Amino acid sequence: MPSQKIEPQALLNALANEKISRCLGVPDSTLEAFIRALDLDDRFENLRSTNECEAIAVAMGQYLATRQPSLVYLQNSGFGKTIHPITSLLSSEIFRIPALLLIGWRGDPDNKPDEPQHKTMGKIMPSLLEAIGVPFTVLEPSSVDSAVHQACFHLREKKSPYALIVRPGSFAKKKENDEMIALPAFTRKRALQAILEALPNDTLFVSTTGKASRELYFLREEAGTNHSRDLYVVGGMGCASAIGLGIARETTRTVCVVDGDGAALMQLGTLATIGHQKPDNLIHLLIDNECYESTGGQPSISPTVDFPGVARACGYPWTRRVDSLASLQEALKEASRMHQLRFLAVKVEPGSDPELGRPLETPRENAENFMGKF
Ligand SMILES: Cc1ncc(C[n+]2csc(CCOP(=O)(O)OP(=O)(O)O)c2C)c(N)n1
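I will try to describe carefully the structure that is included in this document. (Residues numbered from 1 in each chain as written. Predicted model: local features only at pLDDT ≥ 70, side-chain atom pairs only at ≥ 80, totals over all residues. Heavy atoms only, no water.)

Attention now moves to the site of the ligand. Close to the ligand lie 20 residues; Glu52, Arg188, Gly262, Cys291 and Ser294 are nearest. Asp261 places a side-chain nitrogen or oxygen 3.2 Å from an oxygen atom of the ligand. For the shell around the ligand, the elements supplying multiple residues, two or more each, are α10 (261-266) and β11 (291-292). For the shell around the ligand, the element with the highest residue contribution is α10, accounting for four residues. Tallied by class, the residues present in the shell around the ligand amount to seven nonpolar, eight polar and five charged. When residues are assigned to domains, the shell around the ligand turns out to be shared by domain 1 (8-166) and domain 2 (188-371), each giving three or more. (Near = heavy atom within 4 Å. Polar contact = N/O pair within 3.5 Å; in protein donor to acceptor, adjacent residues only side chain to side chain. Helix = DSSP H or I, 4+ residues; strand = E, 2+ residues; numbered from the N terminus. Nonpolar A, V, L, I, M, F, W, Y, C, P; charged D, E, K, R; others polar. Domains from an automatic or database assignment.)

A word on the environment of Thr203. Structurally, Thr203 can be placed in the loop between α7 (188-198) and β7 (204-207). Thr203 sits 27 residues away from Asp230 along the chain, and the two C-alpha atoms are 8.8 Å apart. For Thr203, the side chain forms a polar contact with the main-chain oxygen of Pro200, separated by 2.6 Å.

A few words now on the sheet that holds strand β8 (residues 230-232). With parallel pairing, the six strands of this open sheet are ordered in space as β8-β7-β9-β10-β14-β13. Two strands lie at the open edges of the sheet, namely β8 and β13 (318-322), each paired on one side alone. Adjacent strand axes in the sheet meet at a mean angle of 15° when their direction is disregarded. Where strand β10 (residues 282-288) lies against strand β14 (residues 342-347), six bridges are found, and the strand directions are parallel. Looking across to β14, one finds that Asp288 is bridged to Lys347. Contacts between helix α9 (residues 240-248) and the sheet are confined to β7, β8, β9 (255-260) and β10, with β9 contributing the most and set at about 170° to the helix. (Pairing = 2+ DSSP bridges. Axes fitted to C-alpha atoms, helices over the stretch in contact; angles between N-to-C directions. Contact = heavy atoms within 4.5 Å.)

Here we take up the side chain of Thr208. Note on placement: Thr208 falls in the loop between β7 and α8 (211-223). Under the relative-accessibility criterion, Thr208 is labelled buried at 5%. Sequence-distant contacts of Thr208, that is, excluding residues within four places in its chain, are made with Ser213, Val233, Ala240, Val258, Asp259, Gly260 and Ala263. (Buried < 20%, exposed > 50% of the residue type's maximum accessible area, 1.4 Å probe, protein only.)

This part takes up the nonpolar core. Leu11, Leu15, Phe34, Leu71, Leu100, Leu102 and Leu164 are the most contacted members of the largest nonpolar core, which has 29 residues in total. Looking at this core, the elements that each hand over two or more residues are α1 (8-17), α2 (32-40), β3 (71-75), β4 (100-104), α6 (144-158) and β6 (162-166). Considering every element that reaches this core, the biggest residue donor is α6, with six residues. Excluding residues within four positions of it along the chain, Leu11 makes contact with Phe34, Leu102, Leu139, Val144, Val148 and Phe171. (Core = buried A, V, L, I, M, F, W, Y, C linked by side-chain atoms within 4.5 Å.)

A few words now on α1. Within the sequence span of α1, burial applies to Pro8, Leu11, Leu12, Ala14 and Leu15. When α1 is viewed along its axis, its buried side chains cluster within an angular range of 160° and face the same direction. Each element contacted by the buried residues of α1 is listed here: α2, β3, β4 and α6. One or two residues past the end of α1 sits Lys19, with phi positive at roughly 65°. (Arc of directions from axis to C-beta.)

Along the chain, the position of Tyr232 falls in strand β8. Remark: the alpha-carbon pair of Tyr232 and Pro363, spanning 131 residues in sequence, is separated by 7.5 Å. With near-sequence residues (within four places) excluded, Tyr232 lies in contact with Ser207, Ser213, Leu216, Tyr217, Arg220, His227 and Asn366. Separated by 2.8 Å, the side chains of Tyr232 and His227 make a polar contact.

Note: β13 against β14, five bridges, orientation parallel. Residue pairing in the sheet places Arg320 in a bridge with Leu344 of β14. Crossover handedness for the path β13 to helix α13 (residues 325-337) to β14: right-handed. (Right-handed = clockwise from strand over helix to strand, strands pointing away.)

Right, dumping it as C-alpha cells:
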C-alpha cells in the first residue's frame, strides 16, 4: 500500500484544468474517496451507470455531441466489459473516440494479496490494455498533474482512450468518525435472516457479489449450519441470477437467488431470460438498499426503477415489493407455498457490520461443496 496518498481534490483539479467535467461509471472501493469528492464538486457531473460497457457508450455519445472526452471510472473487474465497446466503437480504426478511464487495480500483484476473484484480472490488466492499444499510467501522488496532462494530450492527439490506473490504498481518505453509529433495524442482514428462517431447509441459495454473500456466509456460521447449500458468487457481479437460472433448470429443488439492486441493474436483461424460461422452482429475491453498499455506499439508480414492474413485464407470474420485516415475512410465507417463478423486491436500509468478515473457504471449495448437493 503506498505510504504517500493522492488527494482526491488534486486529481479533480487536474481534470478540471484539462476541461474534463463529465464523469460516469460503476463504483469501486479503491476509488471510494475520489467518487465521494467528485459528488461534492460542482465543477463535475457524475452520471451513475449500470455497467461499464454502457458507461463507455454514454461517454462516446457525449463526445460526439460536445467534442469533450468524459472520464469513465471503474473497478478492473468491470474492465472486461469495456473491451467490447473500446475495440468495436472507440478504437482509432473505427469511430476514433477518446475517453479517459480511471481504473481501480484490484489484485495488483505488487500490492498485498487480494481476494481470489481479483487475481486473474489483477495480473493481466496491463497486458490487456496493451493488447487493445490503450496506453496507461499508474497514478502516483507526486505526478498526478503530469499524468493527467499526458493522458489528455493523448486523448486530443490520438482520439482514442487512455487509462489512469489506481492501486488499492492510493487515495487519501477523510478521517473516519470513530463513534459507533447504530445500524438501522431493517437491513440486508435482517432480511437475509428472515429469508433463511422462512424458506425450506433444502433450498439452494445463490447470492450476489459483495456484502450479501459475506452476510449469508456468517449467518450460516452463527446458526452453526454448513455452507454446502449456498453458492457465494464473489466475482462476476450481476451474474448470480443467471447462475441461479442455470441451476434451477437442472434440479427440482427450490433455488433462491439473492440479488442486489446494483447487480440486478448491471445485467437487467437476465430478468427477461428468466421471465421467458419461467422455472417454477426459482425465487428471485432482490435486496434493494438503493446503493452499492459493498464499495462504499454510492447511490444506485434503483429509486427510479420499479423492479417488480420490470419483472412482471419480463414474464414473472408472481411479483411483490415489501419494505418492512413484517411484510417480508408475510410475502415469504405466501411465496414458499407456491410452485411458480417468484420475484420479491425487499427495500432495506443500507448498513452493515464494519467488522463483517469474508468467506473462509475458497470459491473452488465452495463450488465443490455446493456440487456435492447434486
Ligand atoms: C463488473 C463489476 N463491476 C464492479 C464491481 C465492484 N463491486 C463489487 S460489489 C459492488 C456493489 C454491488 O452493489 P449491489 O448489488 O447493490 O449490492 P450491495 O453492495 O448494495 O449489497 C460493486 C460495484 C464488480 N465486482 N464487478
